[in-house]
Structure formats: structure tokens, C-alpha cells
Amino acid sequence: MEIVRIGKDTLQAFELILTEEALEKLAKGVPDTFAMGAIEDGMPVGAIAVTCVPPAGLIRSLYVVEEYRMRGIGSALCFEALQI
């Protein structure tokens, strides 16, 4: 599994697993919002969208494709988001 930062250039690959709100913010380049995605076998299998509101962050959405749940993907996405 690979965890990647989702940007304008990779949004389309994750459009089915990110919320509409997160997609809009990322497409507009809202500076306080970012997203990370999980890719396995070349397919997006999970995503997390976070809004930073110092001194904390707010998870806007966290989703893992059903067939890939219980494999630690959600935890890995949260961990990677905390590193930003």
C-alpha cells in the first residue's frame, strides 16, 4: 500500500471516495485543507480529508473501500495526516 498526498492533479482518481465538500475545497486550493489517499494495486482504496484549524485539525472525511477495511488503511491515513 502507498499513501500519497492528493492534489489537483490526482483529485479525479479519488472523486468516488472523497466527500463533495472535500473535493470542492481541494479543487479550489483552499490553503487550510489537504487530503491523503491510499493506493493498493494501482487503485485508490481510501482517503482522508483534513482541515487545519490551529492548534488542531478537523477530519472532514475518512473512507476506506469496504473490501479493504480491517487492514490498517484508515489508521495509516490518520497517521500520515498527523505528520503534515
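Our subject in this report is the structure included herewith. A quick note: this is a predicted structure, and the numbers were derived from the prediction, not measured. (Residues numbered from 1 in each chain as written. Predicted model: local features only at pLDDT ≥ 70, side-chain atom pairs only at ≥ 80, totals over all residues. Heavy atoms only, no water.)

1. Digging into the pattern of salt bridges
Between side chains of opposite charge, a pair can form when the charged atoms approach closely. Within this structure, the stated rule accounts for two salt bridges. For the salt bridge of glutamate 21 with arginine 60, the shortest nitrogen-to-oxygen distance reads 3.6 Å. With glutamate 21 in helix α1 (residues 20-28) and arginine 60 in strand β4 (residues 56-64), this residue pair connects regions lying 39 residues apart in the sequence. Exposure remark for arginine 60: the relative accessible area of 35% places this residue in the partly exposed category. (Salt bridge = Lys/Arg side-chain N within 4 Å of Asp/Glu carboxyl O. Helix = DSSP H or I, 4+ residues; strand = E, 2+ residues; numbered from the N terminus. Buried < 20%, exposed > 50% of the residue type's maximum accessible area, 1.4 Å probe, protein only.)

2. As for the side chain of glutamate 40
Inspection of the secondary structure assignment puts glutamate 40 in strand β2 (residues 33-40). The class of glutamate 40 is buried, set by a relative accessible area of 19%. Here glutamate 40 is in contact with Met1, Val45, Tyr68, Arg71 and Ile73, once residues within four sequence places are set aside. (Contact = heavy atoms within 4.5 Å.)

3. Some words on the pairing of β2
In terms of residue burial, β2 counts as a mostly covered element, since seven of its eight residues are buried. Here strand β1 (residues 2-6) runs beside β2; their pairing, made up of five bridges, is antiparallel. Bridging from a neighbouring strand, isoleucine 6 pairs with alanine 35 of β2. Strand direction decides the pairing type here: β2 and strand β3 (residues 43-53), joined by eight bridges, are antiparallel. When the bridges of β3 are listed, alanine 38 appears paired with glycine 46. Connecting β2 to the antiparallel partner β3 that follows it, the hairpin turn spans two residues, and aspartate 41 within it adopts a positive phi of roughly 55 degrees. (Pairing = 2+ DSSP bridges.)

4. Comments concerning α1
Those residues of α1 that sit buried are Ala22, Leu23 and Leu26. Buried residues of α1, viewed axially, fall in a sector of 100 degrees; they line one side. Exposed side of α1, more than 90 degrees from the buried face: Glu20 and Lys28 are the residues found there. Those residues of α1 that are buried are in contact with β2 and β3. Just downstream of α1 lies glycine 29, where phi reads positive at about 75 degrees. (Arc of directions from axis to C-beta.)

Everything listed here is a matter of geometry and, on its own, says nothing about what the molecule does.
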